[in-house]
Amino acid sequence: MLTAIERGEVLPDRHGKVQALDDALGAERELLRLWPLVQRLGRIPFADVVMPQRPAEGYRGSTGKAADQEDDVERRLLLKLAGLGVLSQVAVDEPARQMLEQVLNQAVNVAETYTAQDWEMACADHMHALQTQPPAMVRSGITGDVIALQQALAAPGVREPAELQRAASWMALIQANVLTRLGEYDAARRWWITARHAADASGDLNMRVWALGYEAVFALYSPRSLRTAVALAQKAAALAGRTPSPGLLHAVSAEAQGLAVLGRTEEALEALCHLHDLCEQVTFDEGFAWRADSALFTTSWVHSFVGSDQAADEACDKALSGERGSPTYQNRVNIQLHRAIRASRSGDYERGIKEATELIDGLPVPYRSLMILNTAHRVIEAVPVERRGQLRGFADYRAAIKPPSFGVT
């Protein structure tokens, strides 16, 4: 019976069977609480269970306080199932994104229990988690907030729709961020679009620029064309005009990095100089994922591709110094990989592969996001194809940077 349940072929159809399983597995009535919801999930559309606008056909005819309380309990159980990995994340993420799109332009009220400050704090917490925790863990924690935000957008009594739309853009950017780190690029691309739509709906210029500039940065770590990343960055810069903001910093950073990888040295260095000039005009806000030392990361990247060995070493040292004491791991690992990239691009292939292998091997598997592995692949790209088979440890390195399974364990 357990094997059939795991394959999705059957569910216990009587309370007695569920009780027996609960007793045998020591589940302390957890299976009994989940059983009614799980039974319905096979027959009721996901969106109707998570965010019912009206009673679903065949679901429940009763109304009133008791029915509302039962709805709330079942939605909490549903989110718990998603967090435990019992539900397919694809089944959770895409309906959640679609529902957010449906309500973005319909919002006229804000639920009394939600404030703009509450949502800003939640988004800032998720942004911090992205820098300090494995991406799969962040993903399991964000789904509940995405659904709650949808409910706030659709709720009656709204006073500040633009603030909620701004929060919706922020939350969509975070979702696209984590999906990129997990290598689910098609889903991420759709969330980037939703983030832009929400930012446009909010009318907030800084949010609109950030949505484009932030997407440009992450395009560098995906299968998208480098020219797409540069085009997104330039579009964000054109939208910003003469108004400096964290979003514009992201855009110029992405442009400099993309141009460096494309080998357009003079343009890349010019963009890098522009970035440092802008940093003197912008008040840093870590909520927008830009810190005072973020420009050092970009400098390390650019010089690793187009600078001299000395300039690259100095840039890496300064960037790593800026990361000292920081609880984040993403930038620190990638900066160390910049050094390996530079070694390979300078012809010291053995050293580049050796340093990168040691770095990846020392990183726990759950933390090996696709942003890190994408940078690790650039060490290989710098090695001529005809030389790869002759390098000691090359096969081991390729195995080490093979994308892992990102299930939460």
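Residues numbered from 1 in each chain as written. Predicted model: local features only at pLDDT ≥ 70, side-chain atom pairs only at ≥ 80, totals over all residues. Heavy atoms only, no water.

A.B. asks: Outline the overall build of the protein chain, supporting the account with residue identities and numerical values.
C.D. replies: Along the protein chain, the regular secondary structure elements total 21 helices and zero strands. Residues counted as buried form 51% of the 409 residues belonging to the protein chain. For the protein chain, restricting intrachain contacts to residue pairs at least 6 apart in sequence, the fraction spanning at least 24 positions comes to 68%. A total accessible area of about 19,300 Å² is found for the protein chain, and carbon and sulfur atoms account for 50% of it. (Helix = DSSP H or I, 4+ residues; strand = E, 2+ residues; numbered from the N terminus. Buried < 20%, exposed > 50% of the residue type's maximum accessible area, 1.4 Å probe, protein only. Contact = heavy atoms within 4.5 Å. Areas by Shrake-Rupley, 256 points an atom, 1.4 Å probe, with all protein chains shown as cover.)

A.B. asks: Which residues make up the pattern of salt bridges, and what are the values?
C.D. replies: Overall, the coordinates contain 16 salt bridges when judged by the stated rule. Among the salt bridges present, the one from Arg-378 reaches Glu-381, with a minimum N-O distance of 3.4 Å. Note that Arg-378 and Glu-381 are positioned in helix α19 (residues 370-381) at a spacing of three residues, about one turn of the helix. Accessibility expressed as a relative area gives 9% for Arg-378, which makes it buried. Residue Glu-381 is classed as exposed on the basis of its relative accessible area of 52%. Each of Glu-120, Arg-166 and Asp-204 takes part in a single network of salt bridges with overlapping partners. (Salt bridge = Lys/Arg side-chain N within 4 Å of Asp/Glu carboxyl O.)

A.B. asks: Pulling in residues and values, what's your account of helix α15 (residues 294-306)?
C.D. replies: Its 13 residues place the ends of α15 19 Å apart at the C-alpha level, agreeing with the 18 Å of an ideal helix rising 1.5 Å per residue. By the criterion of burial, α15 is predominantly enclosed, with twelve of the 13 residues buried. What α15 keeps buried is the set Ser-294, Ala-295, Phe-297, Thr-298, Thr-299, Ser-300, Trp-301, Val-302, His-303, Ser-304, Phe-305 and Val-306. Looking at the buried positions of α15, the neighbouring elements they touch are α13 (246-261), α14 (265-279), α16 (309-323), α17 (330-345) and α19. (Expected span 1.5 Å × (residues − 1).)

A.B. asks: Any chance you could break down the confidence of the model for the protein chain for me, citing the residues and the numbers?
C.D. replies: Averaged over every residue, the pLDDT of the protein chain is 81; the share at 70 or more is 76%. Contacts for the low-pLDDT stretch residues 52-63, under 50 throughout, to residues beyond four places or in other chains number 17 contacts. (pLDDT = per-residue confidence, 0-100.)

A.B. asks: Kindly report on the packing of α15 against α17, identifying the contributing residues and their values.
C.D. replies: The contact between α15 and α17 brings their axes to 8 Å, and the two run at 15 degrees. One element, α15, and the other, α17, form an angle in the roughly parallel class. For the element pair α15 and α17, the recorded crossing hand is left-handed. Residues Phe-297, Ser-300, Trp-301, His-303, Ser-304, Phe-305 and Val-306 of α15 touch α17, and the partners they reach there are Asn-331, Asn-334, Ile-335, His-338, Ile-341, Arg-342 and Arg-345. A per-class count over the contact of α15 with α17 returns six nonpolar, six polar and two charged. (Axes fitted to C-alpha atoms, helices over the stretch in contact; angles between N-to-C directions. Parallel < 35°, antiparallel > 145°, perpendicular 65-115°, else oblique. Left-handed = near helix turned anticlockwise from the far one by under 90°. Nonpolar A, V, L, I, M, F, W, Y, C, P; charged D, E, K, R; others polar.)

A.B. asks: Quick rundown of the packing of aromatic side chains? Include the residues and the values.
C.D. replies: Per the stated rule, a full pass over the model turns up eight aromatic pairs. Summarising the aromatic geometry, the rings of Tyr-329 and Tyr-367 are spaced 4.9 Å apart at their centres and angled 85 degrees between planes, so their arrangement reads as edge-to-face. In this pair, Tyr-329 sits in the loop between α16 and α17 while Tyr-367 sits in the loop between α18 (349-361) and α19, placing the two residues 38 residues apart along the sequence. One aromatic cluster in this structure is built from Trp-170, Trp-192, Trp-210, Tyr-214 and Phe-218. (Phe/Tyr/Trp six-rings, centres within 6.5 Å; stacked < 30°, edge-to-face > 60°.)

A.B. asks: So, unusual backbone geometry: which residues are in play, and what are the values?
C.D. replies: The backbone of Glu-28 shows a phi angle near 55 degrees, a positive value even though the residue is not glycine. Owing to a relative accessible area of 70%, Glu-28 belongs among the exposed residues under this scheme. A positive phi is found at Arg-29, a non-glycine position, where the angle reads about 75 degrees. Following the sequence through the fold, Arg-29 ends up in the loop between α2 (15-25) and α3 (30-41).

A.B. asks: Any details on α2? Residues and values, ideally.
C.D. replies: If you check which residues of α2 are buried, you get Val-18, Leu-21 and Asp-22. Around the axis of α2, the buried residues are gathered within 100 degrees of arc, so they sit on the same side. Exposed side chains of α2 directed beyond 90 degrees from the buried face belong to Asp-23 and Ala-24. Count one or two residues on from α2 and you reach Gly-26, which has phi positive near 65 degrees. (Arc of directions from axis to C-beta.)

A.B. asks: Can you lay out the environment of Glu-358 for me, pointing to particular residues and giving the numbers?
C.D. replies: Considering the arrangement of structural elements, one finds Glu-358 in helix α18. As for Glu-358 and Tyr-397, which are separated by 39 residues in sequence, their C-alpha atoms are 9.0 Å apart. A polar contact is formed between the side chain of Glu-358 and the side chain of Lys-354, at a distance of 2.8 Å. (Polar contact = N/O pair within 3.5 Å; in protein donor to acceptor, adjacent residues only side chain to side chain.)

A.B. asks: Give me the lowdown on the environment of Arg-166, citing residues and values where you can.
C.D. replies: Residue position: Arg-166 is located in helix α9 (residues 161-181). Arg-166 sits in the buried class, given a relative accessible area of 14%. In this structure, the C-alpha to C-alpha distance between Arg-166 and Glu-120, residues 46 residues apart in sequence, is 9.3 Å. What Arg-166 contacts, discounting residues up to four positions off in sequence, is Glu-120, Ser-202, Asp-204, Met-207 and Phe-288.

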